[in-house]
Amino acid sequence: IPTHHDTGDWVPLCHRIHVPVVTDSDVVFSVGYEEGAMARVDATPGAMFELNNAAKHAVFNGWDRPRIHLILDYVDEDGLVVPQPTVLVPGQRLEQTRRTIDVVNIDRSAGGEGGGR
């Protein structure tokens, strides 16, 4: 996972907890405010750490297997914002990116997605 920082309205409100489950010393998880000053995080299996997603972070997997982390997000009660539900109508779907979740119309006339979903 290349060096990046998360953006979006949720970032300042969210606490992100990582619990490494399956990993190896060849997996390097780094975090810091400047790309040149990122430090390795202790990500041994069973250890737990909070990640400030507004800071830069990256993962290099030099291991020959995939790493597995349990990731838990939560917000403090005073920062809790309950979103209004989105009701989809036939011909719509949700499209999620790193920053948004959008309702998009399915264009079936141009060979778009079929109705079997």
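Relevant structure appears above.
A brief structural summary. Only a predicted model underlies this, so the values are computations on that prediction, with no experimental measurement involved.

1. Focus: the pairing of strand β2 (residues 27-32)
Across six bridges, β2 lies against strand β5 (residues 56-61) in antiparallel orientation. Pairing of Val 31 across the sheet is with His 57, part of β5. Two strands pair when backbone bridges link them, and β2 and strand β3 (residues 39-40) are joined in this way by two bridges, in the antiparallel orientation. Counterpart to Val 31 in the pairing with β3 is Ala 39. The turn linking β2 back onto β3 is made up of six residues.

2. Looking at the nonpolar core
With eight residues, the main nonpolar core is built from Val 27, Phe 29, Val 41, Ala 43, Phe 49, Leu 51, Val 59 and Trp 63. Every element with two or more residues in this core is listed here: β2 and β4 (49-51). If we skip the residues at most four places from it in the chain, Trp 63 touches Val 22, Thr 23, Asp 24, Asp 26 and Val 27.

3. Things to note about the pattern of salt bridges
Applying the stated criterion across every chain, the model contains three salt bridges. Residues Arg 16 and Asp 6 are paired through a salt bridge, measuring 4.0 Å at the closest nitrogen-oxygen approach. Of this pair, Arg 16 sits in strand β1 (residues 14-22) while Asp 6 is found in the segment before β1, placing the two residues ten residues apart along the sequence. A relative accessible area of 19% means that Arg 16 is categorised as buried. According to the relative accessible area criterion, Asp 6 is buried, its value standing at 7%. One salt bridge connects Arg 93 with Glu 95, and the closest N-O pair in it is separated by 3.3 Å.

4. With respect to the sheet that holds strand β6 (residues 68-75)
A sheet is described by the order of its strands in space; here three strands give the open sequence β4-β1-β6, paired in antiparallel fashion. Looking at strand neighbours, the two that pair on one side only are β4 and β6, the edges of this open sheet. Between one strand and the next, the sheet's axes are offset by a mean angle of 35 degrees, whatever the strand orientation. Sheet analysis places β1 next to β4, joined by three bridges and oriented antiparallel.

5. What to know about the environment of His 69
By secondary structure assignment, the location of His 69 is in strand β6. In the structure, His 69 is positioned 48 residues away from Val 21 in sequence and 5.4 Å away in space, judged by C-alpha atoms. The contact partners of His 69, leaving out residues within four places of it in the chain, are His 18, Val 19, Pro 20, Val 21, Phe 29, Ala 43 and Phe 49. Polar side-chain contacts of His 69 include one of 2.9 Å to the side chain of His 18. Only 3.3 Å separates the side chain of His 69 from the side chain of Arg 67, close enough to count as a polar contact.

Cut-offs and rules
Residues numbered from 1 in each chain as written. Predicted model: local features only at pLDDT ≥ 70, side-chain atom pairs only at ≥ 80, totals over all residues. Heavy atoms only, no water. Pairing = 2+ DSSP bridges. Helix = DSSP H or I, 4+ residues; strand = E, 2+ residues; numbered from the N terminus. Core = buried A, V, L, I, M, F, W, Y, C linked by side-chain atoms within 4.5 Å. Buried < 20%, exposed > 50% of the residue type's maximum accessible area, 1.4 Å probe, protein only. Contact = heavy atoms within 4.5 Å. Salt bridge = Lys/Arg side-chain N within 4 Å of Asp/Glu carboxyl O. Axes fitted to C-alpha atoms, helices over the stretch in contact; angles between N-to-C directions. Polar contact = N/O pair within 3.5 Å; in protein donor to acceptor, adjacent residues only side chain to side chain.

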